[in-house]
Amino acid sequence: MTPAQEVPERDRPAHEVPERDKAEYDVPERDAPEYEVPEYEVLVIGAGFSGIGTAIGLRRAGIDNFAVLEEQDDVGGSWHANRYPGIAVDITAFSYSFAFEPYPAWSRTFPPGAELKAYADHCVRKYGLRRHLRLNARVVRAEYDEVGHLWRAFLRDGSSATARFVICATGWLTKPKSPDIEGLDRFTGDIVHTAEWDTTLELAGRRVGLIGTGASAVQLVPEIAPRVAGLHVYQRTPIWLFPKPDIAVPELVRRLFRAAPWAQRTLRLCTDTVTELSFVIAMIHHRQFPFLVRAGEALSRLYLRSQVKGDRELMRKLLPSYRLGCKRPSFGKGYWRAFTRDNVKLVTEPIERVTATGIRTADGAEQQLDVLVLATGFHVLDNLPPFPMHGTDGRELQEFWRTERFQTYEGSSVKGFPNLWFIVGPYSFTGGSWFGMIDYQVTHALRVIQEARRRRATEAVVRPEKHDRSFRKTLRRQRNTVFLDASCTRSNSYYFDQRGDAPAVRPATTYEAAWRARHFDLDDYRYARTRSFAPSPGVSRPAVRQPLGRPL
C-alpha cells in the first residue's frame, strides 16, 4: 500500500496533495495592498484549565506557534485566584480532570483547591507549556483585521499581540460580583470577597456577616463557623444540596492509579456516567423525565431533614421554592448543619442597607459586625468575553449578543467573527464535567484550524445560515429543559439572561456534544485566503508589514 493510499488526500497537509488535486483546496482570495504576518498562528486567552487544555490540544495537533495570555501572575485560573477557607472542587476529582491525564495524587474524592492548583502546574510542566505562557498579560481589547485575516489583541501594558486564530478560554469565574447594597462603601470593618480572599484576615472571635448562599458559601460557612464569635448568613435564595461523599483516597488506591492508569480512567467513566444520568439528563430532558428532578428534590429534602434535626422553621427557610436545576446545586458537608449552632443565624429578611458598623434589614433589625464577607459570586454572562472584541465591519461581540440574543454555532463560534472560538461561551457547558466541555470545545476549534491549514486558508468563519440553524435547534431543545419551569423565575440563577434564555447551559449531554464536535460538517464554515498570504501553514515568522508582491 502506497503512502498516498494510507492517508486520504483530504486529511493530508496541502503541500503533500498532488498538484492535479489542489484545486479542491483552493479558496477565494481577497485583495490586500499590504499585509502583516501575525506573530502567532494561534493566540489562547486565559491560562486556567480551559486555556491549559487548549494549549495541550494545540501541541498534540502539532501546532507549536502559539501563545497563552494570562492576566494573573500564574496559571490555574480560579484555582490560583480563589483561596478562601474550605475551597474545594464540587464534583469528584476523577471527573474534574483531563481524561487523557489522570492524576493519581488526589488525596480526597473532592480535593481542596490547593490540589487543583497543583494539578494545573503538573499539566503545564508535563506538556511543556511554560515557554508559551505570557503572564501578567491582561487583554483589554481585540480587533479582527479583515484585510490581513488576523486578530490583534491589545494588552493593559500598552503592548499588543497578533495571531491568525484566537481561542478565548477566559472562563466564567473571573470577575467578582459585589452586591448592589446601599452603604456598602461606608462599612468601617473589614470587607472581603470570597474571590479576593485576604489570607491574613483573622476571623477567630469576631462577629462576621456573610452575604450570599451559593457554592462558595456552602464551603466557607462550615469552615469558619466553629471559630467566629457570631456568624450571620444573609440569604436571598436558598440552594439545593446533596450529601458530599468526600472521603480520603487510601495510599493503596493511589498506588494502583499510578501503576495502572486505566483503573482511574475506568473510575472516571463511572463518575461521568453518574453525573450525566443524575443531573444532566434530568435537567435537559425534564419534559420527558420529570420524575428525575422530583427524585433529586426528594433526596435533597431527606438530607436537609437529617442535618437540621427536626427544626421545621429552619427547614422552611433553607428549602428552595424553585425546581432543582433552575440554579446550580451543590454538594454540602456541614453547611446546613452549621445553622443549628448557637453562634450561627440564618437571616432571610432583605437587607435594607449596610451601616458603618453592620447590616440593617427590612424589618428594622440591625446587626453589629466586625467583618463583612461577600460570597456573591461572579459576573458570568455579562463577562463574556471580559473585554471588547470587534469582528467584521467593526461589530462588537458583547453588543451583538446584547441586541440579538446570546447565540453561537455548536457553542463554539459566532457568525461575523472569523478565526475565533470559545471554550466557555454561550451554550457550551452541558452541566456535567467542566473538563468534558474543554475536550469537545478544543476538538471543535482544532478541526476547523486544521481544515483551514489543509485548504491553505487564512480565514474560517461559520456560515450565517449554519449558525442560525444551530441556534434555532438550541432554542427548540430548551423547551424540554427544566429552565422553562415557571419556578425558575424565583431562582436568581446566573444560568439566565435578561430575555429569559438560559445560555449558560447547552441543552445536550456531554457525550452528544463530544460526538457533535467530532462530526459536524467542516463545510459549515466558509474558508478564504487573503492575497497577502505568504508563509506556509505553521511556519513562525516575525510580525512585519510589507507591500503586496514582495513575499517573505
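Residues numbered from 1 in each chain as written. Predicted model: local features only at pLDDT ≥ 70, side-chain atom pairs only at ≥ 80, totals over all residues. Heavy atoms only, no water.

## Things to note about the pairing of strand β11 (residues 230-234)
Here is the key point about a regular strand: its side chains alternate between the two faces of the sheet. For β11, the buried fraction is high: five of the five residues fall into the buried class. The alternating pattern of β11 places G230, H232 and Y234 on one face and L231 and V233 on the opposite face, and all of these are buried. In this fold, the crossover linking strand β10 (residues 207-211) to β11 by way of helix α5 (residues 215-224) has right-handed handedness. With four bridges connecting them, β11 and strand β14 (residues 344-347) associate as parallel partners. The residue bridging H232 from the neighbouring strand is K345, located in β14. (Buried < 20%, exposed > 50% of the residue type's maximum accessible area, 1.4 Å probe, protein only. Helix = DSSP H or I, 4+ residues; strand = E, 2+ residues; numbered from the N terminus. Right-handed = clockwise from strand over helix to strand, strands pointing away. Pairing = 2+ DSSP bridges.)

## As for the confidence of the model for the protein
Residues of the protein with pLDDT of at least 70 account for 90%, and the chain-wide mean is 89. Note on residues 1-26: pLDDT under 50 across the span, and 30 contacts to partners over four residues away in sequence or across chains. Between residues 534-552, whose pLDDT stays under 50, and residues either more than four places distant or in other chains, the model counts 44 contacts. (pLDDT = per-residue confidence, 0-100. Contact = heavy atoms within 4.5 Å.)

## Structural notes on the pattern of salt bridges
For side chains bearing opposite charge, pairing can occur when the charged atoms are close. Inspection of every chain in the model, using the stated rule, returns 36 salt bridges. Linking D121 and K117 is a salt bridge whose minimum nitrogen-to-oxygen distance equals 2.8 Å. Taken together, the positions of D121 and K117, both in helix α4 (residues 113-126) and four residues apart, correspond to about one turn of that helix. Members of the salt-bridge network, linked through shared partners, are D74, K117, D121 and R130. (Salt bridge = Lys/Arg side-chain N within 4 Å of Asp/Glu carboxyl O.)

## Overview of the state of the cysteines
With the rule as written, the count across this model stands at one disulfide. Paired through a disulfide, C326 and C488 show a sulfur-sulfur distance of 2.0 Å. The disulfide joining C326 to C488 has a torsion of about -75° about its S-S bond and is therefore left-handed. Separated by 162 residues along the polypeptide, C326 in the loop between α9 (312-318) and β13 (330-332) and C488 in the loop between α13 (464-478) and α14 (510-519) bring together distant segments of the chain. Grouping residues by exposure puts C326 and C488 together as buried. (Disulfide = S-S within 2.5 Å.)

## Quick look at the sheet that holds strand β16 (residues 358-361)
Reading across from one edge, β15-β16-β17 is the order of the three strands in this open sheet, with antiparallel pairing throughout. The sheet terminates laterally at β15 (351-354) and β17 (366-368), the two strands that pair on one side only. For this sheet the average axis-to-axis angle between neighbouring strands, irrespective of direction, equals 20°. Alignment of β16 against β17, held across three bridges, turns out to be antiparallel. From the neighbouring strand, R360 faces β17, where its bridge partner is E366. (Axes fitted to C-alpha atoms, helices over the stretch in contact; angles between N-to-C directions.)

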